[in-house]
Structure formats: structure tokens, C-alpha cells
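Understanding the architecture of this molecule
The primary structure of each chain is shown beneath.
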Amino acid sequence: MSAPLRRLQQAPRHLLVCEKGHARHERSRHAAHVRDHAYNCRVSVLIPECGVLPQVLKSAVADLGEYYVVRGLSVHQLVAHEFVESFVRKGSCYALAYNTRIDQDNTAALLPTGKLILSVDKDTYEELGLQGRPSRYSGKKPMRYIITIDLTDSSFHPDGKKHKRVLWALKEKKPLEFDFLLAWYNSGAEGSTLMSYFSKNQIQALKPKVTFSTLRDLQCPVLQSNELQGKPEESCSTEELFEWLGAVLNQVNLDNVSSSFLSTYCCPQPNTIVDQAFLCTITGFIIPEKIIQLLEQLCCYFGEPKLAQWLTLTVHGFADSPVSWRENEHGFHKGGENLYNFVIFRNLDYWLQMALGTNDDCPP
Amino acid sequence: MEGVLYDGLPREAAKELRLQPQGSEEARAFVSAFLKRSMPKKKDEAIRDALTRKAVVLEHRCARRKKPKRRKTKTFTARQRRELRLFEIEPEQQRYELFLPLHELWKQYIRDLCYGLKPDAQPQMVQSKLLKADLHGAVVTVTKSKCPSYVGITGIILQEFKHVFKIITKDNKLKVVPKINNVFRLETDGFISYIYGSKFQLRASERSAKKFKLKGTIDL
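The model shown is predicted, which means the values in this text are computed figures rather than measured ones.

**Here's the deal with the pattern of salt bridges**
All chains considered together, the criterion is met by 16 salt bridges over all chains. A salt bridge links E296 of chain A to R24 of chain A, with the shortest nitrogen-to-oxygen separation between them at 3.3 Å. Here the residue E296 of chain A occupies a position in helix 10 (residues 288-301), and R24 of chain A occupies one in the loop between strand 1 (15-22) and helix 2 (30-36), the gap between them amounting to 272 residues. A relative accessible area of 29% places E296 of chain A in the partly exposed class. The exposure class of R24 of chain A is partly exposed, given its relative accessible area of 43%. A salt bridge links E206 of chain B to R203 of chain B; the shortest N-O distance between them is 3.7 Å. With a relative accessible area of 33%, E206 of chain B lands in the partly exposed category. What emerges from the salt-bridge pattern is a single network uniting E160, K179 and R207 of chain B.

Spelled out as C-alpha cells, the structure:
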């Protein structure tokens, strides 16, 4: 077989990290993992043996907050002292450049920790004049550079040399402008909102889109919470569950009918058939704090006795985001997946699976 | 010479070695008798020849005449030139205002070079003149650089060496900027030129005589 054909048949390098824990354990890191993954574009909840929206989810789904889309925002406005004081220092501010490709164009992202990440190509880096480091996923001749600017640094005050240089580079030397997705979360005290701050730019407030659907006669694998690897006749392993979940969320037929040429995938054994399963999908720029609230409500779901043995919460990150978890670099090779999946059992044990693509660092 | 060969052994050495020293006459007689016995076929003259000292020439080298070293004038070596510090500018004299007249002179020089620098002059002509022109006194900005800290340095070129520019900035700082991997922006009366430093690694005096060829890439 020739080399190109062989390469087509090989799956690109991907990484799946599986973790097990208990939601009410004091050292459980489920909230920390959710908080570290800053940019989420889709959340799906699958609850077997459930036909309608459960009571516990109603409030969580209604209170998802809103996010903003700003067109033509220059990056130097995010570095301006006013913005840093009003939004970055008070609460968590999330910003991500929209409609840019991580492997071709320049991208910018603002993390809630106050770090501004610019992922630029070689020519822009040489013209911009800000110190950065080459990306870990370029070859011998780096084509991509990552510049990290800490906006909450004590040496980053308006009279400092650093601030002046950054402002000069982003304003006069090489102005960078993107469409941004913005979100701000502050617990407690109200400040000015993003809407009023960016009223001069074309800012638009949007709410995340929520859809519900009920799946009938679904084959679900049998899982045991303390068996990550799965026992041969008794339960399925995490990888099998992950694949099955992907098939279900993409509406792939699990019958393996001989007339269908699209997929020969079957539900892993052992499995049971459930009458109905509830699928809720939320699309938009969703911040981790809301996901933590959703997770808490899902744990409360098992407060009353239910037929379901487990339920899943899947969160997808943006394919073009420059970071995956914390400040780990994220790249796009043949796919830009960076997603994680919680499986919560009746006894509040959980499985956490984190999946990444080729040009990615291992998640924490 | 023969006296040294047949000299008597000093008395102390003889006593140590427990030898009975012979007189010189006896020693000579002994040596000739010994040689005659060991080389029976050789004649007496041959034996006497062998005894005479002959110098053995180990290396044959003819003395080379040193060529007279031609020194036209008394020149200094590079080290002496550096020690003289003719080209150093003292800190007191590192002031931007002092060099503004130099910049005016340079602008005038370029205008004369390009026959006026009218707005409709051809850029190619201006560029070819600039290639051979002297750049001392030009106001230059670093636009692109492989090292981001060099980007943005603006000032008047004070000295041009083979690999670096010495530029004085408005803050009266003397900056040494390497030419390699840097792109400089030069502005003259509305004509903006970009100098790719990697191709410009020549002394100013040599550049006026060099023909520039398109070789390699201008990518940094």
C-alpha cells in the first residue's frame, strides 16, 4: 500500500484521559477541571429513562446568562487600563476571537486569570515587536508564535514601560482587530456591564440556544462505577462508552443494518434497551461557572430514586481556541477537538474523560 | 681533537670504578690495534680516515633570503586602530540634537543624488541610487526583526560597519543594531524604502562598488 493511502487509514494522534472520583468527596477535582477549561461552545446532557425535562434542570437551563459578540474590536482596547480595572480585575472575563482559524490566522484570547494570549503567525510576530515563544507544534522553522501578556501583573500599571510598549505595538505598530465573543461573570457587586462599555463598537447580546429531544428505544451500555476498564460480561469500559456516546450524539444508527453503508458501529455488549432517553443541547459561548452550576443540579437529580443508572454531561470546546486547559496550547491538525465528558452514577461517583487532538498538550 | 679523545680518566672516577687508568700513548696504541683486529680487511689508511672526525649534516637547508617587506606608508593594525578609538563617540556628545544638522545634510545629499526627488520620479531610479549611497545621517526605523525587541528602534545612523548600525535614538541612547535578520525603513521626501539588512552586510565603502544580485529569499 502506498504511503499516502496508509496515512489516510491511520487515525491521527489523539489523547483520552479517564479519571474516576466521587462528587461529594472533599478532594474531588471535578469543579477544578471544569473551571480550567475556559472556552466551551456546546454542552449536551443525556439522561436515560427520562422523557421530559427534569425539574432540577429547569432553573439551571433558564439561568444560563448571556454572552456578547463584538465586531471589529481592536486588541488594544482589551489592554486599556480602564477595561482591566473594570472587568478583568473584578470577576472573570472571557474573550475569544471568533471566526479565525488557529492554524492559519492570528488569534487572541483573554483568560479569566487575566492573561491575554495572542497566537500569531511568523510575519505578524516579527512586525509586532512583543516578546513571545515559538509554538510547540511547529517544526524546525517555527511558523507560529504565542505571546502571553499578563494584564493583572503588578508591573503592568499605565505608566510602566511594559504597558507602554504593549499599547504601542498593538495600536500603532501593527493593529490587530478581531470579532470577539465576550462573557463576564462577577459574583455579587454589580459594575458597569460589557454592553455599556463597548457601546461604540457593534456589540450584540445573545443567549445560548437550548434544544431538547427525546430518543426512543436506545441501546445503552451497562456500566459499573468502580470498573473503569469494564468486566468482560458485566460492564463496558470507558473507551467503549465514549465511542457509543459520540455515536448517539451524532445521531448514528446503532443497528448495523446490512443496507446501510455509513456505519457498522454496534452498541458495546453488555447493553440494555431503554424506552426513552432525554437529550438536552446548549450551544453558545458558555462559561465554566454555569457548567459547574449545571453539574451540581445534575448531582441533585439522583437525590430522588430514578430508573436511570447513570447520566452524561458532555462539554465541547472551540476547535479554534488557542488554549485547551489552563494555558496548554491547542492546535488544529486534522481536527481541533478538546472536549470532556462526565458520567455521573446513582451513587454520585463520576467518570471524567478528557479528549484532545494531535497538536495538544496533555490535560492536567 | 685527539687530545680530547685520548684524555686520561680523572683519578677519582678511576678509583670509584676500580680501573687502572692508562696513559694517552697506551690508549692510542690500544685503539689502533683493536681496530686493525676487528676490521682485518680494511687498509690502514681507511682506518685512519674513519678515526678522523667528520661532521654529519643532518638537515640540509639553504638559507633563504628574506624578501624585503614592502611598506608604502605607516599603517595601523586593526587593534591599534581600535585602541586609538577614533570612531567612538563620548557620552557627552551623545545627544540627538547635535546630529540633526547631519540629517539635514544627508537629506540634501540624497536630493542632489536623485536629481531633485520630484514626486513623479521613478522609484527604481531612487532605489538604485540609494543602494550605492552612504547612509550616515539617515533617519531609520526597524520595522521587522527576528528578535522582537529590536522592532521600533528609530534614530539617526551614526556609524555603519560591516554587520551593524550604530543608531542614536531620541532618548540620546546609542543603540547598536545588527543588520542581519532585520528590515529597516528609510524615508526620504515621501519615498519610503525598506532595506533588508541580511543582504546589506557590507561596509559602506564597499557597497558603492558592489553589484547586488537577487539571491535567496527576503523572508526573515
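**Structural notes on a nonpolar patch on the surface**
Taken together, the side chains of I192, Y194, Y196 and I218 of chain B define a hydrophobic patch exposed on the protein surface, amounting to about 380 Å² of accessible area. For I218 of chain B, the location among the structural elements is in the segment after helix 8 (204-207).

**Brief notes about the sheet that holds strand 7 (residues 133-134) of chain A**
Residue and element names in this part refer to chain A. Strand order in this open sheet of eight strands is 7-8-6-5-4-9-3-10, and the pairing throughout is antiparallel. In this open sheet, the two edge strands, each paired with only one partner strand, are strand 7 and strand 10 (202-206). Across the sheet, helix 5 (residues 81-88) is in contact with strand 4 (92-98), strand 5 (107-110) and strand 9 (177-185); its angle to strand 4 comes to roughly 125°.

**Brief notes about the pairing of strand 13 (residues 310-317) of chain A**
Residues and elements named next belong to chain A. The element strand 13 is largely enclosed, with a buried count of seven among its eight residues. Sheet topology places strand 2 (residues 40-48) next to strand 13; six bridges connect them, and they run antiparallel. Bridging from a neighbouring strand, S44 pairs with T314 of strand 13. Pairing analysis gives seven bridges linking strand 13 to strand 14 (residues 338-345), with the strands arranged antiparallel. What sits directly across from L311, in strand 14, is I344.

**Regarding helix 3 (residues 55-62) of chain A**
Residue and element names in this part refer to chain A. Residues L57, A60 and V61 constitute the buried set of helix 3. Here the buried residues of helix 3 occupy an arc of 95° about the axis, which is enough to place them on one side. Among the exposed residues of helix 3, those oriented more than 90 degrees off its buried face are Q55 and A62. Check the buried side of helix 3 and you find it contacts strand 2, strand 11 (209-221), strand 12 (271-286) and helix 10.

**Regarding the packing of aromatic side chains**
The final tally for this structure, using the stated rule, is 20 aromatic pairs over all chains. Ring centres of W325 of chain A and Y340 of chain A lie 5.9 Å apart, and the angle between their planes is 55°; on these two criteria the pair is classed as tilted. With W325 of chain A in the loop between strand 13 and strand 14 and Y340 of chain A in strand 14, the pair connects residues that are 15 residues apart, well separated along the chain. Residue W325 of chain A shares its accessibility class with Y340 of chain A, and that shared class is buried. Among the aromatic residues, ring-to-ring pairing joins F83, F87, W184, Y197 and F198 of chain A into one connected group. Of note, K179 of chain B hangs over the ring of F165 of chain B, and the distance from its end group to the ring centre comes to 5.1 Å.

**A short note on the domain arrangement of chain A**
Residue and element names in this part refer to chain A. Domain boundaries assigned for chain A yield domain 1 (13-65 + 209-356) and domain 2 (67-206). Summarising the inter-unit geometry, the C-alpha centres of domain 1 and domain 2 are found 31 Å apart. Listed as interface residues are 19 residues of domain 1 and, on the opposing side, 27 residues of domain 2. When domain 1 packs against domain 2, the two sides together hide about 2,000 Å² of surface, and 66% of this comes from carbon and sulfur. Taken together, domain 1 and domain 2 are joined by two salt bridges. At the boundary of domain 1 with domain 2, the tally comes to seven residue pairs in polar contact (both at pLDDT 80 or more). Among the residues forming the side of domain 1 that touches domain 2, the class breakdown is 10 nonpolar, four polar and five charged.

**Focus: helix 10 of chain A**
Helical geometry note: an α-helix holds 3.6 residues per turn, so side chains three or four residues apart project in the same direction. All names here are of chain A. Between its first and last C-alpha, helix 10 extends 20 Å over 14 residues, near the 20 Å set by a 1.5 Å rise per residue. The buried count for helix 10 comes to 10 of 14 residues, which makes it a mostly enclosed element. Listing the buried residues of helix 10 in full gives P288, E289, K290, I291, I292, L294, L295, L298, C299 and Y301.

**Quick look at the nonpolar core**
Residue and element names in this part refer to chain A. With 37 residues, the main nonpolar core has F83, I149 and F180 as its most contacted residues. With near-sequence residues (within four places) excluded, F180 lies in contact with Y68, V69, V70, L73, V75, L78, A95, L96, A97 and A108. Listed in part, the 36 residues of the second largest apolar core include V43, L53, I292 and F302.

What counts and what doesn't
Residues numbered from 1 in each chain as written. Chains lettered and ligands numbered in written order. Predicted model: local features only at pLDDT ≥ 70, side-chain atom pairs only at ≥ 80, totals over all residues. Heavy atoms only, no water. Salt bridge = Lys/Arg side-chain N within 4 Å of Asp/Glu carboxyl O. Helix = DSSP H or I, 4+ residues; strand = E, 2+ residues; numbered from the N terminus. Buried < 20%, exposed > 50% of the residue type's maximum accessible area, 1.4 Å probe, protein only. Patch = residues over 30% accessible without salt bridge, like charges linked within 9 Å, V, L, I, M, F, W, Y side chains within 5 Å. Areas by Shrake-Rupley, 256 points an atom, 1.4 Å probe, with all protein chains shown as cover. Pairing = 2+ DSSP bridges. Contact = heavy atoms within 4.5 Å. Axes fitted to C-alpha atoms, helices over the stretch in contact; angles between N-to-C directions. Arc of directions from axis to C-beta. Phe/Tyr/Trp six-rings, centres within 6.5 Å; stacked < 30°, edge-to-face > 60°. Lys NZ or Arg CZ within 6 Å of the ring centre and 35° of its normal. Domains from an automatic or database assignment. Buried area = accessible area lost by both parts, 1.4 Å probe. Polar contact = N/O pair within 3.5 Å; in protein donor to acceptor, adjacent residues only side chain to side chain. Nonpolar A, V, L, I, M, F, W, Y, C, P; charged D, E, K, R; others polar. Expected span 1.5 Å × (residues − 1). Core = buried A, V, L, I, M, F, W, Y, C linked by side-chain atoms within 4.5 Å.

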